[in-house]
Every structure is written in structure tokens, then in C-alpha cells.
Amino acid sequence: MNDTTTGRTERADVAIVGAGPAGLAAAVAAAESGAAVVLVDAAAQPGGQFWRHRPEGIVQERDGRGHHGWKTYLDLRARFDAGRERGQITYLPGLQVWMAEKDDAGFTLRTTPTVAGPVGGPAVAARRLILSPGGYDRQLPVPGWDLPGVMAAGGIQAFLKGNGSLPGRRFVIAGTGPFLLPVAAGIAEAGGQVVAVLESSSPAAWLPHLGAAAGVPEKALEGAEYAAVFARHRIPYRTRNVVTEVLGSGSRGSSRVTAVRSAKVDAKGKVRPGTERGYADVDVVGFGWGFTPQMELPLSLGAETRLDADGSLVGVVNERQESSVPGLFLAGEVTGVGGAKLAVLEGLAAGAAAAVRDDAARAAPGLHAMARHRRFAEAMHRAHPVPAGWQEWLTPATVVCRCEEVTAGQITEAREMLEARDARTIKSFTRAGMGWCQGRVCGFAAACLGQGPAAPPSAESLSSAARRPLAAPVGIGELAALEPSDS
Amino acid sequence: MSTKAQRGAGGPAAAEQPGSPQETVTISFDGRPLTAAPGQSIGSALVAQGIVAWRSTRKGARPRGLFCGIGICFDCLLTVDGATNQRACLVEVCEGMQIEGSCTPDDGSRA
Ligand SMILES: Cc1cc2nc3c(=O)[nH]c(=O)nc-3n(C[C@H](O)[C@H](O)[C@H](O)COP(=O)(O)OP(=O)(O)OC[C@H]3O[C@@H](n4cnc5c(N)ncnc54)[C@H](O)[C@@H]3O)c2cc1C
Ligand code: FES
């Protein structure tokens, strides 16, 4: 019998999902404002994506090598640990929230272990809920992207930070956005060879946004730091370049990445004929087209959403980080992809606001800094768009949904023949997005393909793709345990 | 430099890292013993041995290994000590762990 069936419930004033920069900051702020906090996180230790580190029982990363803002992490972590010692923060690592419900008393979360174990996870009940589940790398399919050796750019970063080793030897990193820089720099500093970084946009795309960039001078410093690493390791940074095909060798079942074809593109992402070139002897390709916030929990609770400047579906919040659902706060990537610093500021604001017992709004801290970071994030999104013409890089046989192996041809056929335009209709006709990942990986691309090349996907289409009955796969036993029973 | 660049592509990679403990754990993959570093994910232990795929897709029998690296894509599923559908990118190796992939028989990718 697991804990769900025995009905164990952790109760608190404030429940938090996610122990990344946003959730960690939220827990600290809520506890320091006097609230009892329960924090649930899928990972085994705090840090989220940005501050992912080696298992603490094995390696103590005191110097923060390979990390940014490590001092901030150590400060938050010390305050988090102090909150736990005071008995104010209950930390539940290694548990995924697979469902969130709201009733008059507040919110209830259902959890399941991230890694199979003998027992299920407890339920968590709280008057207020802060969701800070972060996001994942946004992907665009390209021929050959399902070969072993192709990874999400952030996945390479996570591999390096979590294991202290690299998933290969010779890397091509491609996509768009400043995040490609720390990924490539991290690989080079760890001893890997970065054959090239291919950025679909161009530095000129930043020109209209220099004002916003100047508002966050630390980003310029960070940029200079990466430039130095790129120079030291002679990493070619090729703008207006994309990977048009990933090549593999080996018999069908055993093939893996061996090479990459690239081409120059125009501002719309259209390949310039005659500019094709190849990169040989490549064993890992990392793709990153920005990030997709994890919206299933906010959506399941009915939170209002909007399309952000990067085309992602994000939650709408007020100055206190409260969503359209009273008592539900959102912090970090789920309110718009804006980096770890902004995530911390949002977490601090959300934690302080959620801890206040009456609704007398106290001024949220850090509003000016948040505004600066949001302006920078918007400039970044506008300078690094998903190229409008990306769909032309596909062939009809290119796999779009990796789980159900649905091809681009099948999706465009459903669009043309069956008028399937939004992600949900495409899913029901083609099974794209119906597999294990529930469309997390292909959802954005399938929504784009349904829309056709002319326009980016609508909020409705993206939200239909992101509505998932379960935020994590659970066993039948855990589902059945939701039924009221006497056991 | 070249030995550094090999890291991750062969040998018990993480164990050579400064600050890592030198001891190793032994796991088995499809019945074959492998050496891994404590604290490594299963995925990283396999990749360190040059094993980049351990599952084949149902329709096309295409090989799959790590993709998202953070538990989102479920490409990396394998069986750990009898528990099916575990994510290789998330589960840490431990001494004596028995891991089974599900590549179709014609598949040489485990070599
Ligand atoms: C793989 C990856 C690597 C990245 N690396 C970098 C980097 O090196 N540098 C950089 O500038 N930016 C990086 N980013 C962007 C970075 O994620 C953000 O800037 C920052 O970490 C966002 O903070 P957050 O608190 O919103 O979310 P995150 O840091 O993503 O934290 C969210 C936490 O919530 C947990 N969670 C999510 N859903 C659930 C659930 N249902 N139940 C329980 N727990 C849940 C996750 O396991 C995670 O621990 C990376 C992003 C990804 C996806
Ligand atoms: S690599 Fe995506 S879930 Fe493990």
C-alpha cells in the first residue's frame, strides 16, 4: 500500500512546487515571513536547472566552478536549511506533483516518486500555492534529430552539471539565444571540443533593443566572459546559420550521430542556396530554441495565460506574482522565460506575498529590478525568434513526435486534408503528442505545423497542447487511490 | 588535452574529476558488468562506456538514448532492478544495480 492510499497528507500555510531559483527563493521568503512551508521538488536536491550540481553526498561543490550566481545559491540555501532546522520548511525532494486541485480550503497536490520506490508520495495541502516548475528546452525537429547523440542543449548542460562529465567528445551546438553560449563554454571548459555554435539569428537583431540590454549591465559582463572562453578555445560562433540535417552511421538500429549539415539562412530562416557545409566527426549535437515553461499545473487550476514575446504560453500574474486564481502564485519561467536572476526576484516576491495572512497587499520587493530583467528578456526574445521559415527545413519523412514517431508529412496532411489546425486536433488525428512525454517535446512544433508557415501558433493551440491530464505519469494504483475508499 | 577530450566518451569518466572520490561502483547492463562512478546517473554511466542507445521505438525500431537530460522526454527509459520505465537521466547508479535496456535484437548499438 502506498502513501496515497494510506492518506498521508503534509499540511502547511504555503505549498511550493519546484526547488529551482524561483522555488528556493519563494520558500525562503515565505518562511522568513512566518509561514509554514512545504516544498515539493522532483529532483533529489535543491537547485533546479540553473543550480543543478553533483550529488551532495559525493561531491561538495563549494567553489561554484562552472556555476553562475553561486553566492546567491549558497545564501538562499543557507536560509532554506535554516528554515528547515526551525521546522518551518518541510522539504520533500524526489517527488513529482502529478495533479493539483483547488477547493474552498485551498490547494491539494498529489505526488509520486520520481524514481520507482516501494511507496507512493504523500498528498500536500495548503492554503496558498506557489508554482515554480521551470521549463525545458524548446525544440524544432530537423531531419536526423532523433539519432542518439542529439540532445537538448540544456540537457547537455544538465549532464555536465549533474555528473561532472560530458556526453561525448565533439559537439555542435545549434538553435538560437544567449543560452547557447554557456552551454558551449561549459563543454569547452570541461575538455570537450565545440566544433561550432550555429545561431540562427544575427547580432544585428539586438540593435533595436540596446536600451533594454543596457538596463541589465551584468548580462554584458557575462557576455564578455563567454567571449573570452570562445576565444581561448577557438570556438567558431556562426550567426545566421542552422543545422539542416543530422547524419548518422551504423545499421538502422545502431546508428548514431556522426556529422552535421548546415546552411546560412536569411532573416526569415530561409536557407541561402549554395551556403551548405558539413561538419564531420561530430558525436553530440545540442539543440536549443529557447525554453518552454511547464504550464500543465497552472492550466489545470484554471490560471489565465498569455503568449509571451518568445511565442511561449506563460501565466499572467499581478505585481505580487499572484495568478488569476486567488491564492495561486506563479514564479520563475512559468511567468515568462527570463533567466535565473528574475526567477529569484519573482520567487522572493511570491513567497512574501503568499505568506501574508490577510490580503492586504504589501508592496512586493524588487519591482524595479524585475521590470529591468523583464525588459531585457523581451529584448532577448525579439532578437532571437524561432525563424519563421523553419518548417522548410523538414522533409515529409522527418519525425516530429519522437514518442509516437509521427512525421511532418503526416501532420501537414492532417492539416490540409482534415483541417486539423490546433495542436489538440492534430493530436487526435495523428497521435502526435500522445506518447510518454505528452507532447512536451513536439507540442510547439506540432502547433506551428498545424498553423502552417504563415503565422506562429496561437495561445489556444499552445494551451490545448499543454493541457495534460497528468503532470507526471502515475500508476493505476495512485489513480485508483483518489476514489474515496475505506481502506 | 586529448585525454581530457576523451572524457565522457570512454572509461569511468567522472571518477577522474578533481574532487571526485576514487572508488567506483559496479553495475550490470543487460547482464554485462560495467564500472561507474558513485553519484553518476545511469545515462551518464552508459554513455561513458560508449553506449548511447538502450531502447528502440515501437514502430520504426529506431534507437533511443538520452535526449532532454532532465526527465521530460522519456526517450531514455530502461528497467532498473526490475522496475520498468525508469528514466536513465534521473536515476543514480548504485552498487550491484541491474539495468536492462530494450533494444530490438538486430540492434548493435549497445556495443
Ligand atoms: C535543462 C536546462 C538547463 C538549464 N541550464 C541553464 C544554465 O546553465 N544557465 C542559464 O542561464 N539558464 C539555464 N537554464 C534556464 C534556467 O532553467 C532558468 O533560467 C532558471 O533555472 C529558471 O528557474 P526556475 O526556478 O523557474 O525553474 P527551474 O530551475 O527549472 O526549477 C524548477 C524545478 O521544479 C521541479 N519541477 C517541475 N515540475 C515539477 C512537478 N510537477 N513536481 C515536482 N517538481 C517539479 C523541477 O524538477 C525543478 O527542480 C536551463 C534550463 C533547462 C531546461
Ligand atoms: S533524457 Fe529525457 S527523460 Fe531522460
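Definitions and cut-offs
- Residues numbered from 1 in each chain as written.
- Chains lettered and ligands numbered in written order.
- Predicted model: local features only at pLDDT ≥ 70, side-chain atom pairs only at ≥ 80, totals over all residues.
- Heavy atoms only, no water.
- Core = buried A, V, L, I, M, F, W, Y, C linked by side-chain atoms within 4.5 Å.
- Buried < 20%, exposed > 50% of the residue type's maximum accessible area, 1.4 Å probe, protein only.
- Helix = DSSP H or I, 4+ residues; strand = E, 2+ residues; numbered from the N terminus.
- Contact = heavy atoms within 4.5 Å.
- pLDDT = per-residue confidence, 0-100.
- Polar contact = N/O pair within 3.5 Å; in protein donor to acceptor, adjacent residues only side chain to side chain.
- Pairing = 2+ DSSP bridges.
- Right-handed = clockwise from strand over helix to strand, strands pointing away.

1. A short note on the nonpolar core
Note on soluble globular proteins: their nonpolar side chains tend to be buried together.
Consideration 1: In terms of nonpolar packing, the biggest core is built from 84 residues, with Leu109, Leu129, Val150, Val246, Phe287, Leu328 and Trp390 of chain A touching the most fellow members.
Consideration 2: Top contributing element to this core by residue count: helix α13 (residues 443-451) of chain A, with six residues.
Consideration 3: Leaving out residues up to four positions away in the same chain, Leu109 of chain A has contacts with Ala15, Val17, Val40, Val97, Met99, Ala100, Pro122, Ala123, Val124 and Leu129 of chain A.
Consideration 4: Counting 44 residues, the second-largest nonpolar core is a separate cluster that includes Leu181, Val183 and Phe230 of chain A together with Cys76 of chain B.

2. Topic: the confidence of the model for chain A
Consideration 1: When pLDDT is averaged along chain A, the result is 92, and 95% of the positions lie at 70 or above.
Consideration 2: Long-range and interchain partners of residues 1-6 of chain A, a stretch whose pLDDT sits below 50, account for 16 contacts in this model, where long-range means more than four residues apart.

3. Details of the environment of His53 of chain A
All names here are of chain A.
Consideration 1: By secondary structure assignment, the location of His53 is in the loop between β2 (37-40) and α3 (70-85).
Consideration 2: Linking His53 and Gly66, residues 13 residues apart in sequence, is a C-alpha distance of 9.6 Å.
Consideration 3: Setting aside anything within four residues of it in sequence, one finds His53 in contact with Gln45, Pro46, Glu61, His67, Trp70, Tyr73, Arg77, Lys161 and Gly162.
Consideration 4: Within polar-contact distance, the side chain of His53 engages the backbone oxygen of Trp51 at 2.8 Å.
Consideration 5: Within the structure, His53 has its side chain in polar contact with the side chain of Glu56 (distance 2.6 Å).

4. Structural notes on the pairing of strand β9 (residues 170-176) of chain A
All names here are of chain A.
Consideration 1: With seven of seven residues buried, β9 lies mostly within the body of the structure.
Consideration 2: Neither face of β9 is exposed, since Arg170, Val172, Ala174 and Thr176 on one face and Phe171, Ile173 and Gly175 on the opposite face are all buried.
Consideration 3: Note that β9 and strand β10 (residues 193-199) share six bridges and pair parallel. Among the inter-strand pairings, Ala174 is bridged to a residue of β10, identified as Leu198.
Consideration 4: Handedness of the crossover is the feature at issue here: the chain leaves β9, passes through helix α5 (residues 180-189), returns alongside β10, and the resulting connection is right-handed.
Consideration 5: Relative to strand β15 (residues 284-289), β9 runs parallel, the two sharing six bridges. Note on β15: the bridge partner recorded for Thr176 is Trp289.

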